[in-house]
Amino acid sequence: MRHLLSAKLSELHGNAFEEFFHDVMSARFDGYLAVATHGNLGDLGADGLMLHERRLYACNGPEVDKPAKVGDKVKKDFAKAMKKRGGDFDTYVFVHNNRRGMHPQVSKALSGLRKDNPGITFENFGHRRFYNEFCRLERHRIEDLLGPLPARKVVTGVALEDVLPLLKHLAEERRPTRGLSDIPVPSARKIEYNTFSPDVEDLLRQALKYVPCVHTYYDNCRDPGERDEVAAAFRDHYEMLAEIHDSPDDIFDELECYILGNERADFRMSLNARVVLMYFFEECDIFKLPPDGWPSVPEPRSEG
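Residues numbered from 1 in each chain as written. Predicted model: local features only at pLDDT ≥ 70, side-chain atom pairs only at ≥ 80, totals over all residues. Heavy atoms only, no water.

Draft legend 1. Summary view of the sheet that holds strand β1 (residues 32-34). Spatial ordering of the open sheet is given by β1-β2-β3-β4-β5, a layout of 5 strands whose pairing is mixed. One side of each edge strand has no neighbouring strand; the edge strands of this open sheet are β1 and β5 (121-125). Mean inter-strand twist for the sheet, computed between neighbouring axes without regard to direction, equals 20°. The sheet contact formed by strand β4 (residues 91-96) and β5 spans 5 bridges and is parallel. For Thr-91, the partnering residue across the bridge sits in β5 and is Thr-121. (Pairing = 2+ DSSP bridges. Helix = DSSP H or I, 4+ residues; strand = E, 2+ residues; numbered from the N terminus. Axes fitted to C-alpha atoms, helices over the stretch in contact; angles between N-to-C directions.)

Draft legend 2. Geometry of the side chain of Ser-187. Summarising the element assignment, Ser-187 is placed in helix α8 (residues 185-193). Among residues more than four places away in sequence, those in contact with Ser-187 are Leu-208, Phe-281 and Glu-282. (Contact = heavy atoms within 4.5 Å.)

Draft legend 3. Highlighting the layout of surface pockets. When its volume is computed, the second largest pocket comes out at roughly 530 Å³. In terms of lining residues, the second largest pocket is bounded by 28 residues, among which Glu-123, Asn-124, Gly-225, Asp-228 and Glu-229 are the most central. Among the secondary structure elements, those contributing two or more residues to the lining of the second largest pocket are α4 (104-116), β5, α5 (127-134) and α11 (226-244). Top contributing element to the lining of the second largest pocket by residue count: α11, with 7 residues. Tallied by class, the residues present in the lining of the second largest pocket amount to 6 nonpolar, 10 polar and 12 charged. (1 Å grid on protein atoms, 1.4 Å probe; cavity = no way out; pocket = protein on both sides within 12 Å on 5 of 7 lines; lining within 4 Å. Points joined across faces, edges and corners; volume = space filled by probe spheres on them. Nonpolar A, V, L, I, M, F, W, Y, C, P; charged D, E, K, R; others polar.)

Draft legend 4. Focus on the environment of Leu-137. If you trace the backbone, Leu-137 turns up in the loop between α5 and α6 (139-146). Judged by its relative accessible area of 11%, Leu-137 falls in the buried class. Leu-137 sits 110 residues away from Ala-27 along the chain, and the two C-alpha atoms are 7.6 Å apart. Once residues within four sequence positions are removed from consideration, Leu-137 is found in contact with Ala-27, Arg-28, Ile-142 and Leu-145. (Buried < 20%, exposed > 50% of the residue type's maximum accessible area, 1.4 Å probe, protein only.)

Draft legend 5. Layout of the pairing of strand β3 (residues 55-60). With 6 of 6 residues buried, β3 lies mostly within the body of the structure. Alternating residues of β3 divide into Arg-55, Tyr-57 and Cys-59 and Leu-56, Ala-58 and Asn-60, and every residue in both groups is buried. As judged from the 3 bridges shared by strand β2 (residues 48-50) and β3, these two strands associate in the antiparallel manner. Its bridge partner lying in β3, Met-50 is registered against Arg-55. Adjacent in sequence and paired antiparallel, β2 and β3 are bridged by 4 residues, among which Arg-54 carries a positive phi angle near 55°. Pairing of β3 with β4 involves 6 bridges; the strand directions are parallel. Paired with Arg-55 across the two strands is Thr-91, which belongs to β4.

Right, dumping it as structure tokens:
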């Protein structure tokens, strides 16, 4: 589904992209309103609305990506939305078809608007958000939008595009574990609380020692919103998996597959994927948090 969706988005621009977005949102949410242009009134500053959630969606799918022009358009579209629809929304959602994510100039424009409008929440709706919404659709709905899914399981060895630069960073910067400090107590407690099997616990503890490499990457990332967007994607995917699987081991395995594809990866790449997951595990974006008062030293597991 991910590959079919990516191919679909790559060929859609302008009105075709906007219509596809309306189709997806209408399939996902009963309360979604696609706003059509009407004569001299236009669309009154909105491409789509969720009235109960007070969210306004603004689509941008240019065939030729010119970040400076897109940044200017973001500002003009927001000003129009505030003038025409200011009382209808508290969240402004920028919808785009840029495969590589939000360009820094566009991110800068949205950051400036966020600073100047503290009462409005700004969100990014790109490829990863489309994928998250598709994951919650029934198969017949997905096939209505993308065409028939393969009858047999497809082997995919392509790593998740959102974290490719991070995986490359880990491949270059991660060092052997000798001399690294033990994992922090909160993370150790969280591992215990989620009742992973002993074998998986060992793998997670090994990966957790490399998490500072991920902090270094995001601390120096050129796009200040990249970390939050990737975290939101992992959180949504985790919540979907938690509805399907009871075993935390199975959930973690599926999350690793979400990063690497389902083709067998070598040990170094698998470890790097686990390091990425353990970063979001430690940041509390995935898996359950121990409640207050949960014992610091859990009872030992029985051998039986």
